[in-house]
Amino acid sequence: MIIAIDGPAASGKGTIAKGLAKYYGLPHLDTGLLYRAIGQAMQNQLDDKDFEQKAIKIAHNIDKSKLDSKKLGTPEIANAAAKIAKIEEVREALRQYQRDFAQQKGGAVLDGRDIGTRICPNADVKLFITADAKIRANRRYLELLSKGLQADESEILRQIIMRDESDRNNPSGNFYEAQDSHLLDSSKLDIETSLRKAIAIVDNKMAK
Ligand code: C5P
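Worth saying up front: this structure is predicted, and the values here are computed from it rather than measured.

Rules of the game
- Throughout, a residue's number is its position along its own chain's written sequence, starting from 1.
- Given that the model is predicted, a residue must reach a pLDDT of at least 70 before its local features are reported, and side-chain atom pairs must reach 80 or more before they are shown or counted; all residues, however, enter totals for whole chains, interfaces and linings.
- Calculated side-chain values reflect all of the structure's heavy atoms, with hydrogen atoms and water omitted.
- Here a Phe, Tyr or Trp ring, Trp counted by its six-membered ring, pairs with any other such ring whose centre lies within 6.5 Å, and the pair is stacked when the planes are under 30 degrees apart, edge-to-face when over 60, and tilted otherwise.
- A 1.4 Å probe rolled over the protein chains alone gives each residue an accessible area, and that area as a share of the maximum for its type sets the label: buried under 20%, exposed over 50%, partly exposed in between.
- Any carboxyl oxygen of Asp or Glu within 4 Å of a side-chain nitrogen of Lys or Arg constitutes a salt bridge here.
- Residues are classed as near a molecule or strand on a simple rule: at least one heavy atom within 4 Å of it.
- What qualifies as a polar contact is a pair of N or O atoms within 3.5 Å, subject to a donor-acceptor requirement within protein and to the restriction that residues adjacent in sequence count only when both atoms come from side chains.
- Each helix is a run of DSSP H or I of at least 4 residues and each strand a run of E of at least 2, with the numbering of both proceeding from the N terminus.
- Amino acids are sorted into nonpolar (Ala, Val, Leu, Ile, Met, Phe, Trp, Tyr, Cys and Pro), charged (Asp, Glu, Lys and Arg) and polar (every other residue, Gly among them).
- What is meant by a nonpolar core is a set of buried Ala, Val, Leu, Ile, Met, Phe, Trp, Tyr and Cys residues, joined one to another through side-chain atoms within 4.5 Å.
- Only heavy atoms matter for contacts: two residues are in contact if any of them lie within 4.5 Å across the pair.
- The rule for pairing is simple: two strands pair if DSSP sees at least two bridges between them.
- The angle between two axes is taken between their N-to-C directions and runs from 0 to 180 degrees, where each axis is a line fitted to C-alpha atoms and a helix contributes only its stretch in contact.

### Overview of the packing of aromatic side chains
Aromatic ring pairs are described here by two measures, namely the spacing of the ring centres and the angle between the planes.
Then comes step 1: By the definition in use, this model includes three aromatic pairs.
Then comes step 2: Between Y23 and Y24, the ring centres sit 4.8 Å apart and the planes meet at 85 degrees, which makes this aromatic pair edge-to-face.
Then comes step 3: The partly exposed category is assigned to Y24, whose relative accessible area is 21%.
Then comes step 4: A network of ring pairs unites the aromatic residues F128, F175 and Y176 as a single cluster.

Shown next, in the form of structure tokens:
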């Protein structure tokens, strides 16, 4: 069973993807980490003239199986990731790895921005997880505080809106919602309820 999950930053898609993977005993790939790893490597070179070529080279060479979610979790790396994610050759360099991950025996859960549309258009179940931008910013703010980090909620909201815009306008297209995806708006739901709803969607789809 392949479960494809897409949605904007801080929508809860990562937590729901992990929860579904655990529940169904499937491996999980957070595809945002692939883009973040390249963003991190390119952080000080984003304004270089040949930054596209450098990013493409890194995309081919990074060890995609060893990504440290803690180190890659900063807002600065997320912004760098959104920039390099616009380079079609970078996306191409990451595509086969994601598809192979999805195709492994028994299936997998993948989350990102173009999973249901471009990476796994034939996924068994597609979920689109979203939430109001202010709520997403508040969740990210509380998450950073809980890690003992300093954070400015209005700045987080500004960055979330900017990244949504940048991701939506990604020239590589086919971003966000697949036509056959199931919408889950988590704005008014806690994470347990969101996960229960996601499981119900998957079970219902698989029973058909
Ligand atoms: O999901 P996450 O916030 O970690 O993703 C970081 C950035 O990587 C996104 O804002 C987006 O620009 C890019 N990304 C992407 N395609 C994916 C996953 C992430 O373009 N499948």
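### Quick notes on the pattern of salt bridges
Then comes step 1: With the rule as written, the count across this model stands at 13 salt bridges.
Then comes step 2: Salt-bridge contacts for D50 lead to K54; the nearest nitrogen and oxygen are separated by 3.5 Å.
Then comes step 3: Residue classification places D50 among the partly exposed residues on the basis of a relative accessible area of 38%.
Then comes step 4: D63 is paired through a salt bridge with K66; the nearest N and O atoms lie 3.5 Å apart.
Then comes step 5: When its relative accessible area of 66% is taken as the criterion, K66 is described as exposed.
Then comes step 6: Salt bridges sharing common partners tie together D48, D50 and K54.

### Some words on the site of the ligand
Then comes step 1: Taken together, 15 residues form the shell around the ligand, and within it R36, R91, R113, R163 and D167 come nearest.
Then comes step 2: R36 places a polar side-chain atom, nitrogen or oxygen, 2.6 Å from an oxygen atom of the ligand.
Then comes step 3: D114 is positioned with one of its side-chain polar atoms (N or O) 3.1 Å from a nitrogen atom of the ligand.
Then comes step 4: Mapped onto the shell around the ligand, the elements with two or more residues apiece are α2 (32-42), α4 (75-84) and α8 (153-168).
Then comes step 5: Broken down by element, the residue count for the shell around the ligand peaks at three residues, all from α2.
Then comes step 6: Here the residues of the shell around the ligand are counted per class, giving five nonpolar, three polar and seven charged.

### Quick look at the environment of E177
Then comes step 1: Here E177 lies in the loop between α8 and β5 (182-185).
Then comes step 2: Separated by 171 residues in sequence, E177 and D6 have C-alpha atoms that sit 6.9 Å apart.

### What to know about the nonpolar core
One broad rule of soluble globular proteins: the nonpolar side chains tend to lie buried together.
Then comes step 1: Membership of the largest hydrophobic core comes to 23 residues, with the highest contact counts inside it found for Y35, I38, M42, A55, I84, I87 and V90.
Then comes step 2: Every element with two or more residues in this core is listed here: α2, α3 (51-61), α4 and α5 (88-103).
Then comes step 3: When near neighbours in sequence (up to four residues on either side) are disregarded, I84 contacts Y35, I38, G39, M42, L46, F51, A55 and V90.
Then comes step 4: I16, A21, V109 and V202 belong to the second largest nonpolar core, which has 16 residues in total.

### Topic: the sheet that holds strand β1 (residues 2-6)
Note on sheets: strands pair through backbone hydrogen bonds, and any given pair is parallel or antiparallel.
Then comes step 1: Spatially, the five strands line up as an open sheet ordered β2-β3-β1-β4-β5, and their pairing is parallel. Sheet topology places β2 (28-30) and β5 at the edges, where each strand pairs with a single neighbour. The average undirected angle you get between the axes of adjacent strands in this sheet is 20 degrees.
Then comes step 2: In this sheet, strand β4 (residues 125-130) lies alongside β1 in parallel orientation, the contact comprising four bridges. The residue of β4 that forms the bridge with D6 is F128.

It is worth stressing that arrangement in space is one thing and function is another; only the former is reported here.
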